[in-house]
Amino acid sequence: MALRHYTLDFNLSAPDCPTTVHGLQSIFQEQEMTETVHDTEGHGYLATFIGKNGRLVILRVTAHGLLTIDLQCCEGDNIVQVENLLNTLEEKLRSLLHGNIKRVKRLPALTRGAAVDRYWPTADGRLVEYDIDRVVYDEDSAYQNIKIMHSQQFGNILILNGDVNLSESDLPYTQAIMGRGQENYAGKEVLILGGGDGGILAEAVKLKPKMITMVEIDQMVIDGCRTHMRKACGSVLDNLKGECYQVLVEDCVPVLKKYVEEGKTFDYVINDLTAVPISTAPEEDSTWEFLQLILDLSIKVLRPTGKYFTQGNSANLTETLALYEEQLGRLSCPVDFSKEVVCVPSYMELWVFYTVWKK
């Protein structure tokens, strides 16, 4: 059974531990909660209160004037009663600490251990609670965990190894990684690396290219998205071959090496690999070295007038983006690049996309 975790914080001008603790004791006694005071070795006051119904309250007052209350209860507990207890504690503290309060913060409850996980981190480490109401697909492939979860706001969301990849509302992502509608794909040859959700492929076939080759390592991503991400991929994943496209279920590294050896080139290379690329047998020791391998091979199969599109990372990760741009300066072929910042709906953060071309 899941737990609901409530928090209530008071920032005080000055700590007032004895008055505060004494003033709250009657509330906990009414709730028939057993108090245990813990030795903090001079680091303020810490007490726990345990109720017969499984409720747990942690009261902490620091020497620097921060008072925190954490209340945990079982998911099946009476929510009205719990909210009333928090309201009573907040009202009492406001009365006791009148004139000593700098700020009060009460957050919505965090649900821990629920059957449906609604919490996923952004790339820059912030926690986001999504309006996810059900899991529609959850499988482990040979390469990664694949989840597709339904959001009331964004539709179905593809999550790979805990990383939000694409939702059915993320057309801005697809448009950005294809050049924002400023490219002419008609009659061109296109290579997509990754892209197992089918979003890029579905949009690209509409632009009447000569041929699209998509190389996706994980058949189970394709299978899951074919069924559950149709607002993004349409019917394009129903068959691995179409009039102007083919999907190769292979590791892109040996495929790229083969294309280099054969002298095969493309007008556009679109890198939609996961943030940490997957290979059956990576030859490099670090993620950055592996990314550089993908970059170098991709540029080698790019025609002189061609363009290479890829996602970067969160706009907040400036050091990571700078390191990526350093990699662009270390390729075997000199390149120029531009970048664009786009708001991707389900990411809930600004995302950087790169366009790279040969000098």
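Here is what the cut-offs are and how they apply
Residues numbered from 1 in each chain as written. Predicted model: local features only at pLDDT ≥ 70, side-chain atom pairs only at ≥ 80, totals over all residues. Heavy atoms only, no water. Pairing = 2+ DSSP bridges. Helix = DSSP H or I, 4+ residues; strand = E, 2+ residues; numbered from the N terminus. Axes fitted to C-alpha atoms, helices over the stretch in contact; angles between N-to-C directions. UniProt positions renumbered as here; feature names shortened; annotations may be inferred. Buried < 20%, exposed > 50% of the residue type's maximum accessible area, 1.4 Å probe, protein only. Contact = heavy atoms within 4.5 Å. Polar contact = N/O pair within 3.5 Å; in protein donor to acceptor, adjacent residues only side chain to side chain. Core = buried A, V, L, I, M, F, W, Y, C linked by side-chain atoms within 4.5 Å. Salt bridge = Lys/Arg side-chain N within 4 Å of Asp/Glu carboxyl O. Parallel < 35°, antiparallel > 145°, perpendicular 65-115°, else oblique. Left-handed = near helix turned anticlockwise from the far one by under 90°. Expected span 1.5 Å × (residues − 1).

A. Expanded view of the sheet that holds strand β4 (residues 56–61). On the basis of which strands lie adjacent, the open sheet formed by 6 strands has the order β2-β3-β4-β5-β1-β6 and antiparallel pairing. Only two strands of the sheet have a single partner each, and these edge strands are β2 (34–38) and β6 (101–112). If you compare each strand with its neighbour and ignore which way they point, the axes differ by 15 degrees on average. Where strand β1 (residues 3–12) lies against strand β5 (residues 66–74), 9 bridges are found, and the strand directions are antiparallel. By the bridge assignment, Y6 is partnered in β5 with L71.

B. The UniProt feature "active site" (unreviewed entry) in the protein chain, seen in detail. As recorded in UniProt, the sites labelled "active site" (unreviewed entry) are D272. Position of D272 among the secondary structure elements: in strand β16 (residues 266–272). Residue classification places D272 among the buried positions, given a relative accessible area of 9%. If we ignore the near neighbours within four places in the chain, the residues touching D272 are Y173, I177, L193, G194, G195, D197, I200 and Q311. A polar contact of 2.5 Å, which involves the side chain of D272, links it to the side chain of Y173.

C. Highlighting unusual backbone geometry. Of note in this structure, E32 is not a glycine but carries a positive phi near 55 degrees. If you check the backbone angles, M348 has positive phi at about 55 degrees while not being a glycine. Within the secondary structure layout, M348 lies in the loop between β18 (335–344) and β19 (349–358). For M348, a relative accessible area of 33% translates into the label partly exposed.

D. Quick look at the nonpolar core. Among the nonpolar cores identified, the biggest contains 46 residues, and L201 and I270 are the most heavily contacted of them. With residues near it in sequence (within four places) discarded, I270 still touches I177, M178, Y185, V190, L191, I192, L193, I200 and F309. Within the second largest apolar cluster, 29 residues are counted, among which are V269, I294, L297 and V356.

E. Geometry of the pairing of strand β9 (residues 132–140). Bridge count between β9 and strand β10 (residues 145–151): 7 bridges; the pairing is antiparallel. Each bridged residue has a counterpart across the sheet, and for R134 the counterpart in β10 is H150. Connecting β9 to the next strand, β10, in antiparallel fashion are 4 residues.

F. Representation of the environment of L3 in the model. Looking at where L3 falls in the secondary structure, it is placed in strand β1. For L3, a relative accessible area of 30% puts it in the partly exposed group. Spatially, the C-alpha atom of L3 lies 8.2 Å from that of L110, the residues being 107 residues apart in sequence. Ignoring anything within four residues of it in the chain, the contact list for L3 reads Q72, C73, C74, E75, L110, T111 and R112.

G. Representation of the sheet that holds strand β17 (residues 302–314). A sheet is described by the order of its strands in space; here 7 strands give the open sequence β15-β14-β13-β16-β17-β19-β18, paired in mixed fashion. Two strands lie at the open edges of the sheet, namely β15 (245–248) and β18, each paired on one side alone. Averaged over neighbouring strand pairs, the angle between their axes works out to 15 degrees when direction is ignored. The sheet contact formed by strand β14 (residues 211–215) and β15 spans 4 bridges and is parallel. Within β15, the residue paired with V215 across the bridge is L248.

H. Summary view of the pattern of salt bridges. Taken as a whole and judged by the stated rule, the model has 21 salt bridges. Notably, a salt bridge pairs R106 with E90, separated by 2.9 Å at the nearest N-O pair. With R106 in strand β6 and E90 in helix α2 (residues 79–96), this pair connects stretches of sequence that are 16 residues apart. E90 gets classed as buried once you look at its relative accessible area, which sits at 14%.

I. Molecular detail of the packing of helix α8 (residues 287–300) against helix α9 (residues 318–328). Remark: α8 packs on α9, axes separated minimally by 10 Å, with the N-to-C direction vectors making an angle of 45 degrees. Viewed along their axes, α8 and α9 adopt a mutual orientation that is oblique. When the axes of α8 and α9 are compared, the crossing they make is right-handed. For the pair formed by α8 and α9, the contact residues are W288, Q292 and L295 on the first element and T320, L323, Y324, Q327 and L328 on the second.

J. Geometry of α8. Compared with an ideal rise of 1.5 Å per residue, which puts 14 residues at 20 Å, α8 spans 20 Å between its outermost C-alpha atoms and is within 8% of the ideal. Listed as buried for α8 are F290, L291, L293, I294, L295, D296, L297, S298 and I299.

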